[in-house]
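In case you want the letters, here they are:
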Amino acid sequence: MIDSNFINKCRNIFGPENVITDKAELITYSYDATPGIPREIPGVVVFPENTKQIQELIFLARQTKTPIYPRGAGTCLSGGPVPLSRGVVISFQKMNKILEIDPDNLTATVQPGVIIADLNNAVAKYGLLYPPDPGSMATATVGGSVAENSGGLRGLKYGVTKHYIMGMEVVLPTGEVFRYGGKTVKNVTAYDFTSLFVGSEGTLGIITEIICKLIPAPKYRKSMIAFFDRLEDAGKTVTDIVRNHVIPATLEIMDKVTIQTVENYAKVGLPTDVEALLLIEVDGMGKDSVEWEAQKCVEIIKQNNGRYKIAETDAERDALWAARRAALPALAQVKPATVLEDATVPRTKIVDMLVSIQNIAKKYNLMIGTFGHAGDGNLHPTILIDPLDKDEMERLHKAVDEIFEVALSFGGTLSGEHGIGVAKIKYLKNEIGRSGVETMRRIKQALDPDNILNPGKLVPLEE
Amino acid sequence: MAKTVFDDISTLKKELLRCMKCGNCMSVCPVYNVEKKESSVARGKIALGEAIIDDKINIDDETLVKLIFNCLVCKSCMLACPSGVRFDRIILGLRAAIARKKGIPFVKKALFGLLKNPELFDRGMKAFAAMQGFFLTKEGEKIRAPRGFLKQFGKRFDSDFVLPELSKESFRDKVSEVINVENPQATVIFFTGCSVNYFYPEVGEDLIYVLKRNNVTVITPKNQNCCGMPVMVHGDIETARQLAKKNLDVFEKTAAQYIVTVCGSCGSAIKHEYPIILEATEYEEMAKKWAERVYDISIFLLKVIKFEPPKGKVELKVTYHDPCHLKKSMKVFNEPRQLLKMIPGVSLVEMKKPDACCGSGGSYHLTHAETALKIAQAKTEDIKQTQADVVCTGCPACMMELFEGIRRWNGNCKVLHTVNLLAKAYKKEEA
Ligand SMILES: Cc1cc2nc3c(=O)[nH]c(=O)nc-3n(C[C@H](O)[C@H](O)[C@H](O)COP(=O)(O)OP(=O)(O)OC[C@H]3O[C@@H](n4cnc5c(N)ncnc54)[C@H](O)[C@@H]3O)c2cc1C
Ligand code: SF4
Ligand code: SF4
């Protein structure tokens, strides 16, 4: 595995300044943002600057059967970049160049370490937008978000990362460099490699270059907030809006616990006696169509007994959004630690899911605030805990098991956007079955025969 | 006396737990932005704290010590932190624990000893003022650059490294201790801080001018001490506590209602750090009392007294740099801009990132020169693209760093304190 010989070779490949071996430094690569999973200190951390170096590292790792863990910004919420069995961490933070913006073909070509927000700032100059916007976009890398197939607040209307990837360069676990796709809008050559590599969580290949699809940034938008005394009314509003063929860019929900906590901590002026609130934003290229969509939403809110406020200015919009932005921070202040889950159900089951979560909270005597992307059924039940309280931790694990059980029973999924990693690997079979797991194993085995790339994540190798 | 995070590192555990490792701090940390390493940013240092408490690494591990000191304590991360992690306590607590274990390095010890004893410190600074020609050559008006032999102490001291000339007479020596006005609307203590006292006396003079103009009686106690921030950030909490107590005693002896500061670091030391480091001591109440009475000059003028805006015209394009301790600690950022806009003739242009750190961080720019210079360079480029005639700020330490940056990277704008510009406008009005 990793000995001085291995490290010397790393220094030759990457240059001494791009290899970290000091214990104190290594400790800072032992975690990501996932609570409650094991931490492990890597044997070495390297900072590549180009594809060739990565290729050389793979040859070295294959010879010595050393596991490799790619790492973007380490904001992952399922344990993806954690070096479970020591090995090498490849940090992409220095491979962060935007190689090209092509406003006529509506593409951007980037290195994997580019921060999502930086890409968006760069393309904004051309009036363009790269829509995937995870809550972590000010920090997270394009490479990490491609590997996780991240979603975000705009998911309902604009989709998730996989809808915006047109091609990639990937170093395979065998050391071969493989490019596919390009700038053509249509490309049906060969298998659909985007579907294979996007969301592969660093287990099938190391992404070294990405061609992203851009869209014209919407020119107009209208935001509103609506309050409901009954969960059912909020849920019906969500389905009615879509049934009336309005697809808002953002359609967020917050439950009572979250609303009360936000109000308690951030004092943004929310009523604390309501059961749920919805934050809705419609956008588009035409003023009239955006107006029409907003009007339609208002009608539906009224029909469902909701009270509402519309933002007329940017300042008012900011004020409405303040509530959503404060959700996680406010919840995070209540107890020493927060566990943010990612259960997702079909849109029409949102209310059932919210009620189930509330019941689970009662059953296990836990504080759970739920908010999330109601429009796409992606909820973030946020469980507030004290990690030093053993009894509470046990109840937490049972509650999480039950949340996923319920989500699956509603025809939902284990993960809407945070991935499987190590955190949810034990539930995988419950969703895709034995044959699904077997298929994943075969794909992994075919591409990574030595199992050196991010072992222990996403693909359960043993029963 | 109850144990605080500065006395017993295990009390940090609760604070460390609050960090959920979300990484939000990475988007704002100036050091991370340059180095791109986990250990540069709050999240990484918190993980190191956890490792120390869990006995996974020794607190005097050489690399660890280096990493814990590789931080500007600019508190940018705290503003971006969703869990409200009090990183200032964590970093100072860790440094205090390191200082306890390793002892404070010899040179620093000598300097800190001086700080504790204001007369000695004062004599030392004056001796240096007299001798500065030995270390530094004169470079134009009131500026000094290192002489060749200093280069052996690292390439930080190249000829682009500049310092304002030390005044032979300190500001507090020159100014009378009490300056009375007729019908005062308030009586204030002027807490000068070391940089105004020794490097920028003209900022002090202008402050007094502005306060007089607004009918405020100013007391500048001669025996006030350093605020303690420089020793605090090096982990010498004991010296910081002594300095704080001495200062509080000095405040108590006056008949002033308020303290005004012209330095973000001094202001935030009195406002935020004194109550923290004096927690559970007999000075706790006194610290809290004065914490509520200390104001940055801009807030004091606009929010506490009846302010008479100047009428003299100063035709200048001005940009404003937010000092970290002023914005992120004291939450003062609107008022200085408001003041600038009230000066007839001034047009305020904003930088792209006016609140990005300048890289100074007390002695950080000396100890971590390479990173600091990159931070300063980014700041300078941002200033240059505004094409302003003047960059104003509210902290003398930032003034030095901005000045050096502009000289190093060929900018041509002047660096002034906000009160310099205010005084200028008042003087114009009288002329
Ligand atoms: C506060 C907060 C809010 C969040 N909000 C959202 C949200 O709204 N939507 C959402 O989907 N997620 C969200 N996340 C989760 C996370 O931020 C995203 O999944 C993000 O895209 C991960 O990017 P990263 O650069 O941090 O990747 P990392 O965490 O470093 O890595 C993620 C995975 O990608 C792999 N990887 C990284 N780089 C490469 C590469 N070049 N080649 C191959 N594999 C690679 C790693 O091995 C790992 O498995 C949030 C996280 C936090 C902390
Ligand atoms: S205090 Fe400043 S330099 Fe230190 S970790 Fe926080 S943001 Fe970075
Ligand atoms: S922003 Fe706060 S909670 Fe998040 S990693 Fe940084 S210190 Fe920890």
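Provided above is the structure to which this section pertains.
These numbers were taken from a predicted model, which means no experiment stands behind them. Per-chain numbering applies: the sequence of each chain, read as written, is numbered from 1 onward. Ligands are numbered from 1 and chains lettered from A, in the order in which they are written. For a predicted model such as this one, the threshold for reporting local features is a pLDDT of at least 70, and the threshold for listing and counting side-chain atom pairs is 80 or more; totals across whole chains, interfaces and linings nevertheless cover every residue. Side-chain measures here rest on the full set of heavy atoms in the structure, leaving out hydrogens and waters.

## Side note on the site of ligand 2
Residue and element names in this part refer to chain B.
Piece 1. Residues are classed as near a molecule or strand on a simple rule: at least one heavy atom within 4 Å of it. The local shell around ligand 2 consists of Cys 29, Pro 30, Val 31, Ala 42, Cys 71, Leu 72, Val 73, Cys 74, Lys 75, Ser 76, Cys 77 and Phe 87.
Piece 2. For the shell around ligand 2, the elements supplying multiple residues, two or more each, are α2 (30-35) and α5 (76-80).
Piece 3. Tallied by class, residues from the shell around ligand 2 come to 10 nonpolar, 1 polar and 1 charged. Helix numbers and strand numbers start at the N terminus; a helix is a DSSP run of H or I with at least 4 residues, a strand a run of E with at least 2. When residues are grouped by polarity, Ala, Val, Leu, Ile, Met, Phe, Trp, Tyr, Cys and Pro land in nonpolar, Asp, Glu, Lys and Arg in charged, and all others, Gly among them, in polar.

## Overview of the sheet that holds strand β9 (residues 316-321) of chain B
To summarise the sheet geometry, strands pair through backbone hydrogen bonds and adopt either a parallel or an antiparallel arrangement.
Residue and element names in this part refer to chain B.
Piece 1. Between any two strands, at least two bridges found by DSSP are needed for them to pair. Strand order in the open sheet formed by 4 strands is β10-β9-β11-β12, with parallel pairing between adjacent strands. Across the chains shown, the open sheet's two edge strands, defined by having one partner strand only, are β10 (346-348) and β12 (414-417). Strand-to-strand, the axes of this sheet are offset by a mean angle of 35 degrees, without reference to chain direction.
Piece 2. Of the strand pairs in this sheet, strand β11 (residues 390-393) and β12 are connected by 4 bridges, and their pairing is parallel. Directly across from Cys 392, in β12, lies its bridge partner Leu 416. To obtain each axis, a line is fitted to C-alpha atoms, and for helices this fit is confined to the stretch in contact; angles are then taken between N-to-C directions over 0 to 180 degrees.

## Looking at the pattern of salt bridges
Residues and elements named next belong to chain B.
Piece 1. Salt bridge, as used here: a side-chain nitrogen of Lys or Arg that lies within 4 Å of a carboxyl oxygen of Asp or Glu. This structure, assessed with the given rule, holds 58 salt bridges over all chains.
Piece 2. Here Asp 206 ties to Lys 427 by a salt bridge, and the two come within 3.4 Å at their closest N and O atoms. One end of the pair, Asp 206, is in helix α11 (residues 201-213); the other, Lys 427, is in helix α22 (residues 418-430), with 221 residues separating them in the sequence.
Piece 3. Three exposure classes are used, based on accessible area relative to the maximum for each residue type with a 1.4 Å probe and protein chains only: buried under 20%, partly exposed in between, and exposed over 50%. Among the residues examined, Asp 206 registers a relative accessible area of 11% and is labelled buried.
Piece 4. Through salt bridges with shared partners, one network takes in Arg 213, Glu 308, Lys 311 and Glu 429.

## Overview of helix α8 (residues 231-243) of chain A
Each turn of an α-helix holds 3.6 residues, which means side chains three or four residues apart point in the same direction.
Residue and element names in this part refer to chain A.
Piece 1. Taking 1.5 Å per residue, 13 residues should reach 18 Å; α8 reaches 18 Å between its end C-alpha atoms and fits that length.
Piece 2. Turning to α8, its buried residues number three or more, namely Leu 231, Asp 233, Ala 234, Gly 235, Thr 237, Val 238, Thr 239, Asp 240, Ile 241 and Val 242.
Piece 3. Taken together, the buried residues of α8 touch β12 (220-228), β13 (250-255), β14 (276-284), α10 (287-303) and α12 (350-363).
Piece 4. Looking at the residues trailing α8, positive phi occurs at His 245, about 65 degrees. How far a helix is expected to stretch is found by multiplying one less than its residue total by 1.5 Å. The contact criterion used throughout is that any non-hydrogen atoms of two residues lie within 4.5 Å.

## As for the packing of helix α3 (residues 42-53) of chain B against helix α4 (residues 62-69) of chain B
Residue and element names in this part refer to chain B.
Piece 1. Where α3 meets α4, the axes come as close as 10 Å, and the angle between the chain directions of the two elements is 140 degrees. On the basis of their axis angle, the class for α3 and α4 is oblique. Crossing geometry of α3 relative to α4 is assigned as left-handed. Mapping the contact onto sequence places Lys 45, Leu 48 and Ile 52 in α3 and Leu 64, Leu 67 and Ile 68 in α4.
Piece 2. Looking at the contact of α3 with α4, its residues break down into 5 nonpolar, no polar and 1 charged. In this scheme, roughly parallel covers angles under 35 degrees and roughly antiparallel covers those over 145, while 65 to 115 is roughly perpendicular and the rest are oblique. By definition, turning the near helix anticlockwise from the far helix through less than a right angle yields a left-handed crossing, and turning it clockwise yields a right-handed one.

## Section: unusual backbone geometry
Residues and elements named next belong to chain A.
Piece 1. Positive phi, close to 55 degrees, is recorded for Lys 65, a residue that is not glycine.
Piece 2. In this structure, Lys 65 sits in the loop between α3 (51-64) and β3 (68-71).
Piece 3. For Lys 267, which is not glycine, the phi dihedral falls at a positive 45 degrees.

## So, the site of ligand 3
Piece 1. Near ligand 3 you find 13 residues, and of these Cys19(B), Cys22(B), Gly23(B), Cys25(B) and Cys81(B) are the closest.
Piece 2. Classifying every residue of the shell around ligand 3 by side-chain character gives 8 nonpolar, 3 polar and 2 charged.

## A short note on the packing of aromatic side chains
Piece 1. Each pair of aromatic rings taken from Phe, Tyr and Trp, with Trp reduced to its six-membered ring, is defined by centres within 6.5 Å and is described as stacked if the planes are under 30 degrees apart, edge-to-face if over 60, and tilted in the remaining cases. Taken as a whole and assessed by the stated rule, the structure comprises 12 aromatic pairs over all chains.
Piece 2. Ring geometry for Phe178(A) versus Phe197(A): centroids 6.4 Å apart, planes at 55 degrees, classification tilted. With Phe178(A) in strand β9 (residues 177-181) and Phe197(A) in helix α7 (residues 193-197), this residue pair connects regions lying 19 residues apart in the sequence.
Piece 3. Taking relative accessible area as the criterion, Phe197(A) reaches 2% and is therefore assigned buried.
Piece 4. Taken together, a centroid distance of 5.1 Å and an interplanar angle of 45 degrees make the contact between Phe404(A) and Tyr427(A) tilted. Taken as a pair, Phe404(A) in helix α13 (residues 390-409) and Tyr427(A) in the loop between α13 and α14 (428-447) lie far apart in primary sequence, 23 residues in all. Tyr427(A) matches Phe404(A) in its accessibility class, with the two residues each being buried.
Piece 5. Taken together, the aromatic side chains of Phe178(A), Tyr180(A), Phe193(A) and Phe197(A) make up a single cluster linked through ring pairs.
Piece 6. The ring centre of Tyr31(A) lies 5.6 Å from the NZ or CZ of Lys21(B), which sits over that ring.
Piece 7. Here, a charge over a ring means that NZ of Lys or CZ of Arg falls within 6 Å of the ring centre while also lying within 35 degrees of the ring normal. Sitting over the face of the ring of Trp290(B), Arg293(B) holds its NZ or CZ atom 5.0 Å from the ring centroid.

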